[in-house]
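# Observations on the three-dimensional arrangement
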Amino acid sequence: GQDERLRTGVSPAWNILYRGSLSSCNYACSYCPFAKTANTREELLEDQRQLERFVAWVASQSRRIGILFTPWGEALGHRYYRQAMIELAAMPHVYRVAIQTNLSAPLGEFGEADRETLAFWATFHPTQTSLTGFVARCRDLDEFGIRYSVGVVGMREHFNAIEALRSR
C-alpha cells in the first residue's frame, strides 16, 4: 500500500465484500438455508439502516472502492438495495458495484444506472424459475447495457439445465 502510494501518488483501491444482516430469500431451493428463513419487519429495517450507514461511509471516502454484495438471501427484492446500488454506482470513486442475485426483482430502475460501474452476478435456479424467464431477465440486462455473469448451483440434477442455459 505505502509503496504504491509513493510510486503513483494514488491510494490503492479497496475491494469490499458486503454481506449485511439480510438472511432470507424469495426462492425455496431445497438445498439452501436462506430459503428456510424469513426476516421480520424489524430485522429488515435494521438491515436497511446498516446499508444506509455503509453507503454514507463509502460516500465519505476518497480512495477508489469496488463493492460486491453477497447477501445471505435475495437482496434486490428490497428497494433499498436497488437504490443503494444505483447511488453507489454514481459515486466517482466507486469503480465497481456488483451483487449476487437470482434476477427475480424489478430491474427497470437500473436502466439509468452507471453501466460502467454496475454489474450483476446472476444465479439461475432451475427449480424456481423457467429457463425462458431467466434468459428474458438476462436480455433485459443486455438491453440496459449492464454487465453480468451467470451461474448455476452445480448439482447433478441441474446438469441438463446448465447445458440448456449455456446453449441459450
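Residues numbered from 1 in each chain as written. Predicted model: local features only at pLDDT ≥ 70, side-chain atom pairs only at ≥ 80, totals over all residues. Heavy atoms only, no water.

### Regarding the overall build of the protein chain
- Within the protein chain one finds 5 helices and 5 strands.
- Listed by position from the N terminus, the elements making up the protein chain come as α-β-α-β-α-β-β-α-β-α.
- Taking the principal axes of the C-alpha coordinates as reference, the protein chain spans close to 55 × 40 × 30 Å.
- When the 168 residues of the protein chain are sorted by exposure, 39% land in the buried category.
- Looking at the protein chain as shown, the accessible area adds up to about 9200 Å², and 52% of this sits on carbon and sulfur atoms. (Helix = DSSP H or I, 4+ residues; strand = E, 2+ residues; numbered from the N terminus. Buried < 20%, exposed > 50% of the residue type's maximum accessible area, 1.4 Å probe, protein only. Areas by Shrake-Rupley, 256 points an atom, 1.4 Å probe, with all protein chains shown as cover.)

### Here we look at the pattern of salt bridges
- Summed over the entire model, instances satisfying the criterion amount to 5 salt bridges.
- Put simply, Arg-139 and Asp-142 hold a salt bridge, and the shortest N to O gap is 3.5 Å. Taken together, the residues span about one helical turn, with Arg-139 and Asp-142 both in helix H4 (residues 131–144) at a distance of 3 residues.
- Given the relative accessible area of 40%, Asp-142 is considered partly exposed.
- Here the salt bridges share partners, and the residues they tie into one network are Arg-79, Arg-82 and Glu-109. (Salt bridge = Lys/Arg side-chain N within 4 Å of Asp/Glu carboxyl O.)

### Observations regarding the environment of Cys-25
- Assignment of secondary structure puts Cys-25 in the loop between strand S1 (14–18) and helix H2 (41–59).
- Along the chain, Cys-25 and Thr-127 lie 102 residues apart, while their C-alpha atoms are 14 Å from each other.
- The residues touching Cys-25, leaving out its near neighbours within four places in the chain, are Phe-34, Ala-35, Thr-37, Gly-73, Glu-74 and Asn-102. (Contact = heavy atoms within 4.5 Å.)

### Concerning the pairing of strand S5 (residues 147–152)
- Relative to S5, strand S4 (residues 118–124) runs parallel, the two being bridged by 6 bridges. Note on S5: the bridge partner recorded for Phe-120 is Tyr-148.
- Since S4 and S5 lie parallel, the crossover through H4 that links them has a hand, and here it is right-handed. (Pairing = 2+ DSSP bridges. Right-handed = clockwise from strand over helix to strand, strands pointing away.)

### Brief notes about the layout of surface pockets
- Size it by volume and the largest pocket reaches roughly 350 Å³.
- As for the largest pocket, its lining consists of 21 residues, of which Cys-32, Phe-34, Gln-100, Thr-123 and His-125 are closest to the centre.
- Grouping the amino acids of the lining of the largest pocket by side-chain chemistry returns 12 nonpolar, 7 polar and 2 charged.
- Reported here for the second largest pocket is a volume of approximately 160 Å³.
- What lines the second largest pocket is simply Val-135, Cys-138, Arg-139, Tyr-148, Val-150, Gly-151, Val-152, Ile-162, Leu-165, Arg-166 and Arg-168.
- Here the lining of the second largest pocket gets 4 residues from one element, more than from any other, and that element is S5. (1 Å grid on protein atoms, 1.4 Å probe; cavity = no way out; pocket = protein on both sides within 12 Å on 5 of 7 lines; lining within 4 Å. Points joined across faces, edges and corners; volume = space filled by probe spheres on them. Nonpolar A, V, L, I, M, F, W, Y, C, P; charged D, E, K, R; others polar.)

### Here's the deal with helix H5 (residues 159–167)
- Those residues of H5 that sit buried are Ala-161, Ile-162 and Leu-165. For H5, the angular spread of the buried residues around the axis is 105°, confining them to a single face. Those residues of H5 that are exposed and aimed more than 90 degrees away from the buried face are Asn-160, Arg-166 and Ser-167.
- Looking at the buried positions of H5, the neighbouring elements they touch are S4, H4 and S5. (Arc of directions from axis to C-beta.)

### Quick look at the nonpolar core
- Core analysis: the largest hydrophobic core is formed by 39 residues, its most contacted members being Leu-51, Ile-67, Phe-69, Tyr-81, Val-97 and Phe-120.
- Elements with a minimum of two residues in this core: S1, H2, strand S2 (65–69), helix H3 (79–89), strand S3 (94–101), S4, H4 and H5.
- At 6 residues, H3 tops the list of elements feeding residues into this core.
- Those residues in contact with Phe-69 that sit more than four places away from it in its chain are Tyr-18, Leu-51, Phe-54, Tyr-81, Met-85, Leu-88, Val-97, Ala-98, Ile-99 and Gln-100. (Core = buried A, V, L, I, M, F, W, Y, C linked by side-chain atoms within 4.5 Å.)

### Details of the confidence of the model for the protein chain
- With 94% of its residues at a pLDDT of 70 or more, the protein chain has an overall mean of 90.
- Here helix H1 (residues 2–8) stands out as the least confident element of the protein chain, with mean pLDDT 50; H2 is the most confident, with 98. (pLDDT = per-residue confidence, 0-100.)

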